[in-house]
Amino acid sequence: MAYSATDLLIGKLVTILENEGTTIAGVRDEVDKIKLELLSMKAFLEDAEANKAKTEGEKLWVASIRDLAYGVEDIIDEFMYHMYEKQSGRRLSRRLHMAICIPKTLWFRRKTAQRLRKITGKIKDISERNQRYDVGHVGGTSTSEDIHKWVQNQADSSFFIMEEELVGIEGQKQILMGWLMDEVQHQTVVSVVGMGGSGKTTLVAKTFTNERVKRHFDCCAWITVSQTYAVVDLLRSLIMELHKSRKEGFPENLNAMSHRELLELLTNYLGSKKYLVVLDDVWEIRVWGEIKVSLQDRQLGSRIVLTTRNEEVASNSFGVESYVHHIRPLQNNEAWELFSKKAFSTNQHKTCPPDLVALAQKLVEKCEGLPLAVVALGGLMSSKKSLDQWQQVCNSLNWHLDNNSLLDPVKNILLLSFNDLPSQLKHCFLYCSLVPEDFSIKRKRLIRLWIAEGFVENVKGVTPEQVADGYLWQLCFRSMLEVVKRNGTGRPKKVKMHDLMRELALSTSEKEKFGLVYEGREVMEDISSRRLSIHKMEGEIKPCPGMSNIRSLLVFATDMSSLTFSNALLSRFKLLRTLDLERVQIDKLPGAVVNLFNLRYLNLMGTLIEELPESIGRLRNLQFLNLRRTKIESLPQGIAKLLNLRHLIMFRYSGKVMDFRLVRGTRAPSNICKLQKLQCLSIIESEGDTIRLIGNMTQLRSIGISNVKERDEIDLWVSIKKLTPLQSMVLIASDEEEILPVKAQCPPLPHLRTLFLFGRLQNVIPWFSSLHSLTALVLRWSKLEDDLLPQIEALPNLTTLSLCNSYVGEELCFRRGFVKLERLQLLKLASVKKITIEKGVMPNLQILRVDHCMELKAVPLGLEYLSNLQSLGLAAVPIEVIQPIRKGGEDRFKVQHIPEIIHVFEQSSNSVFENLA
């Protein structure tokens, strides 16, 4: 991990040095020299990362290089800061400028050049010292190879675990056996996917060794693939294992055979046999491409099982029928049972002493159902007898993961996943450890932080947001991050990190000075890390050395006030790139913020701030500004100076969910159209020429406009036509009686994914049917008299549909289509008496909510056809709708297949939630 963090820093520095050519002209010679040194360091670190040798001398070398690279970053950033102050200061007379500013600048440039020369000298000293002690040329077995051997041994051990030692496996084993032993004659691939240590190999091993399974096939083979493999070795192992399963001898010249000869031998051998092959620990899908030619489908009922940490591997088509089994974590009671077997093996009935229950439960919770972690922690705690010893481990699990050999199994398995990540993903992953434990962070917030930090590489023709989105997908696919919530298109909406994965990453972050978490208890005497994440506050943070080195400040202590978060404190973080104050209870933006020239990301969402200062325009490097749910109603003129701004989010909620004025926009000056790099502008309140000027911001992918009037029709569609990349559009009428100007012929919107329309529609909009990329449609207060559904039923990608006071007819009938619809909301349809869903319509519906439909006579007809429906919500509907679907009711059969049925009603001015499932 050490190499990747330092490698990233050097790469960023080289980019800065190349991009800031004009500003650093006065120290160009020194910059060029140090750039060459940095590039050489980067190349060496990449080699070191590949070889994974980690001697003490090499660790010291990397630490020294990292500190020097940080030193260069500080010098360059401070030089840029000085140049910024000179440019943004008050204008002086020419004579005064000659007398004061120019000599000061020359002096500062000389001082900067001297500091850079000093670092160049230190780099040469390190190089000479390494040659003296032969650092960087150490041979021998690498740490990575040792871990791979250890993992192979663990896999072998899975075959010999006693049944009584296993917990929570039987149900999953029966599922696998069902797939392996069904009567289907064509070849089938079964993928078992989950994070490292989740018990994939153990589950498959216990299924593979089952006597009924073995008798079902003519021959079987188990081969471990791992990250590094040679195809010829896999083929040889496969041949040997297949022969062994039939107690046959294999060819003596097997080791001398070529790739082609091995393929021919294997294909002929399996010609008329029904086989079972397990490919354990598959990291890349190319393994299948290289081996499938030898595993031909002879329609004999053969089965192939693979285990993987990578969702992308598991979800591959394989060219044959396939199943995916997501291994489930242990339930709380199962994890407790397994932990007790290990930790209290010498106690009678293997039970936990009463005085240790609370701490034992805390440790089990940390494992989050990960069997390997439960077993390892149980083994560690079996030697701890006193309450003090248990308390010590609970308080320092981070340290024990790093230093206690009994927890090596957990560390090694998790490290394998980390080491397999590409360099850029490693930094993004480490960054996630700065988020509080069990905290679910939104996808958009996370990827914007990554971009602001400089973690996201430039890819021609692709936006940084799209690249970062790909990074997040990769981390989720590799089971490094857990998807907590998905949006309508299936993309991750919120993610979190497994507790133990986070502990390991946090330990590395702190050691490598990548990031530091402050829990409020300890006194910060010196900060050497580049990123500070404040989780709790107890009193005021005192200034300390190293604060000026901080580049990222994340505050999750939402009880922080304007008093504790003062100007004096913030002024010490003068080189910040990211400042995240989401939901922190400050009522005024600290004045020092506008002096943070380096700032790329400013998140004020959910704060109590009422206005931005005119001087906000000084943040010339700002790319992301989030003002959502603040009290800011209008933006100052200075906002138009933020020429690098990419995302400006500034709407607030002002009413109840069922109100028309649920969302309000923010007023902005007309010169906001100068922000040509804006990709997201949501939600701007229309006044004057606002709508016409929006057309000048042609990079917009997401636009939200409030206070829209019928007379804006021509300007609106002229502007929308210019926004060719548009993916999301929100239009909110000035009031609930105002007609939205969307009746005209719409320009092509081939990329539009989400459409929110708040306001009256005179007629059903014919161009709705042309929105083939649309995934989410929300219509509020449309008050349509005609049936809308025929216009949208054929939309091929629509997954979310929400209708709120959008239809004034008495009957709503879904007759056909809606093939991908997963979420349907029918809200405040005051006149609707009957809802019908014909058989075969919306076959993938998972969530249905009916709310404030007081004329409804019965639950929607056709619910019994919705076999994938997971949740039915009924709120503020007549009691005669509810009674027939209660247990024993005449219509109970229509809903008995639905796992969750929630009825919400008012009682004594309180909302009561009743589960009818």
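To start, this report covers the structure provided alongside it. (Residues numbered from 1 in each chain as written. Predicted model: local features only at pLDDT ≥ 70, side-chain atom pairs only at ≥ 80, totals over all residues. Heavy atoms only, no water.)

Scanning the protein from terminus to terminus reveals 27 helices and 30 strands. For the protein, contacts bridging at least 24 residues in sequence account for 61% of all contacts bridging at least 6. For the protein, the accessible surface area stands at approximately 40800 Å², while carbon and sulfur atoms represent 49% of it. (Helix = DSSP H or I, 4+ residues; strand = E, 2+ residues; numbered from the N terminus. Contact = heavy atoms within 4.5 Å. Areas by Shrake-Rupley, 256 points an atom, 1.4 Å probe, with all protein chains shown as cover.)

Moving on, we get to the pattern of salt bridges. Counted by the stated rule, this structure contains 31 salt bridges. Arg-286 is the salt-bridge partner of Glu-290, the closest N and O atoms lying 3.6 Å from each other. Residue Glu-290 and its partner Arg-286 are located together in helix H11 (residues 286–291), separated by four residues, close to a single helical turn. The exposure class of Glu-290 is partly exposed, given its relative accessible area of 28%. Since its relative accessible area comes to 43%, Arg-286 is described here as partly exposed. (Salt bridge = Lys/Arg side-chain N within 4 Å of Asp/Glu carboxyl O. Buried < 20%, exposed > 50% of the residue type's maximum accessible area, 1.4 Å probe, protein only.)

Its place among the elements puts Asn-412 in helix H18 (residues 408–419). The buried category is assigned to Asn-412, whose relative accessible area is 12%. It is 10.0 Å that separates the C-alpha atoms of Asn-412 and Leu-401, two residues lying 11 residues apart in sequence.

This part is about the pairing of strand E1 (residues 188–193). The buried fraction of E1 is high, at six of six residues. Here E1 shows no split at all, with Thr-188, Val-190 and Val-192 on one side and Val-189, Ser-191 and Val-193 on the other all buried. Where E1 and strand E5 (residues 321–326) come together, six bridges link them in parallel fashion. For Ser-191, the partnering residue across the bridge sits in E5 and is Val-324. When E1 meets strand E4 (residues 303–308), the two strands line up parallel, connected through six bridges. The residue of E4 that forms the bridge with Val-192 is Thr-307. (Pairing = 2+ DSSP bridges.)

This paragraph deals with the side chain of Arg-577. With respect to the helices and strands, the residue Arg-577 is situated in the loop between helix H23 (567–570) and strand E12 (578–580). Setting aside residues no more than four positions away along its own chain, Arg-577 makes contact with Ala-452, Glu-453, Gly-454, Arg-551, Asn-598, Leu-599, Arg-600 and Tyr-601.

What follows covers empty space enclosed by the protein. Taken as a whole and assessed by the stated rule, the structure comprises nine cavities of 30 Å³ or more. When its volume is computed, the second largest cavity comes out at roughly 80 Å³. Along the walls of the second largest cavity sit Cys-432, Val-435, Pro-436, Asp-438, Phe-439, Ile-441, Leu-446, Leu-481, Val-495, Lys-496, Met-497 and Arg-502, which together make up its complete lining. Partitioned by chemical class, the residues of the lining of the second largest cavity number nine nonpolar, no polar and three charged. (1 Å grid on protein atoms, 1.4 Å probe; cavity = no way out; pocket = protein on both sides within 12 Å on 5 of 7 lines; lining within 4 Å. Points joined across faces, edges and corners; volume = space filled by probe spheres on them. Nonpolar A, V, L, I, M, F, W, Y, C, P; charged D, E, K, R; others polar.)

Take the sheet that holds strand E7 (residues 482–486) next. If you walk across this open sheet you meet the three strands as E6-E8-E7, and the pairing is antiparallel. Two strands lie at the open edges of the sheet, namely strand E6 (441–442) and E7, each paired on one side alone.

Membership of the largest hydrophobic core comes to 135 residues, with the highest contact counts inside it found for Leu-579 and Phe-814. Sort the elements by how many residues they give to this core and strand E20 (residues 728–733) lands first, with five residues. In this view, Phe-814 contacts Leu-789, Leu-801, Leu-824, Leu-826, Ile-835, Thr-836, Ile-837, Glu-838, Val-841 and Met-842; residues no more than four positions away in its chain are not counted. Of all hydrophobic cores here, the second largest spans 73 residues; its members include Val-393, Leu-434, Leu-449 and Val-495. (Core = buried A, V, L, I, M, F, W, Y, C linked by side-chain atoms within 4.5 Å.)

Below, the discussion takes up the sheet that holds strand E2 (residues 219–224). Taking strand neighbours across the sheet as the criterion, the five strands line up as E2-E3-E4-E1-E5 in an open arrangement whose pairing is parallel. This sheet does not close on itself; its edge strands, each paired only once, are E2 and E5. Strand-to-strand, the axes of this sheet are offset by a mean angle of 15°, without reference to chain direction. Those strands touched by helix H6 (residues 170–180) are E1, strand E3 (275–282), E4 and E5, and its axis lies near 175° from that of E5. Running at roughly 145° to E2, helix H9 (residues 231–245) makes contact with E2 and E3 of the sheet. (Axes fitted to C-alpha atoms, helices over the stretch in contact; angles between N-to-C directions.)

Here a ring pair, both rings aromatic, is described through the centre-centre distance and the interplanar angle of the planes. Evaluation of the coordinates by the stated rule reveals 18 aromatic pairs. When the centroid spacing of 6.1 Å and the interplanar angle of 55° are considered together, the rings of Tyr-601 and Phe-624 count as tilted. Placement of the pair is Tyr-601 in strand E13 (residues 601–603) and Phe-624 in strand E14 (residues 624–626), with a sequence separation of 23 residues. Of the two residues, Tyr-601 and Phe-624, neither departs from the other in class, the shared state being buried. The rings of Trp-336, Phe-339, Phe-344 and Trp-390 are connected pair by pair, giving a single aromatic cluster. Sitting above the plane of the Tyr-269 ring, Lys-273 keeps its charged end 4.0 Å from the centroid. (Phe/Tyr/Trp six-rings, centres within 6.5 Å; stacked < 30°, edge-to-face > 60°. Lys NZ or Arg CZ within 6 Å of the ring centre and 35° of its normal.)

With that out of the way, let us pick up the environment of Gly-378. Within the element layout of this structure, Gly-378 appears in helix H15 (residues 371–381). When its relative accessible area of 0% is taken as the criterion, Gly-378 is described as buried. Through-space distance from the C-alpha of Gly-378 to that of Phe-344 is 8.0 Å; in sequence the pair is 34 residues apart. In this structure, Gly-378 is in contact with Phe-339, Lys-342 and Ala-343, ignoring residues within four places of it in sequence.

In this section: unusual backbone geometry. Note that the residue after Ser-682, namely Ile-683, is joined by a cis bond; omega there is 0°. The residue Phe-318 is not glycine, and still its phi comes out positive at about 65°. When you line up the elements, Phe-318 lands in the loop between helix H12 (311–314) and E5. Its identity as a non-glycine residue notwithstanding, Met-842 has a phi of 40°, on the positive side. Secondary-structure assignment places Met-842 in the loop between strand E26 (834–837) and strand E27 (847–851). The class of Met-842 is buried, set by a relative accessible area of 0%.

So, on to the packing of helix H14 (residues 357–367) against helix H22 (residues 499–511). One way to put it is that H14 packs onto H22 with a least axis distance of 6 Å and a crossing angle of 85°. Put simply, H14 runs roughly perpendicular to H22. Facing H14, whose interface residues are Glu-365, Lys-366 and Cys-367, H22 presents Asp-499, Leu-500 and Glu-503. Within the contact of H14 with H22, the residues separate by chemical class into two nonpolar, no polar and four charged. (Parallel < 35°, antiparallel > 145°, perpendicular 65-115°, else oblique.)

Time to look at H15. Of all the 11 residues making up H15, nine are buried; the element is thus mostly covered by neighbouring parts of the structure. Within H15, burial applies to Pro-371, Leu-372, Ala-373, Val-374, Ala-376, Leu-377, Gly-378, Leu-380 and Met-381.

Turning to the environment of Ser-769, a few remarks are in order. Mapped onto the elements of the fold, Ser-769 is located in the loop between strand E21 (754–758) and strand E22 (776–780). In this structure, Ser-769 is in contact with Gln-791 and Leu-795, ignoring residues within four places of it in sequence. Only 3.0 Å separates the side chain of Ser-769 from the backbone oxygen of Pro-766, close enough to count as a polar contact. (Polar contact = N/O pair within 3.5 Å; in protein donor to acceptor, adjacent residues only side chain to side chain.)

Interpretation in functional terms is not warranted from these geometric data alone.
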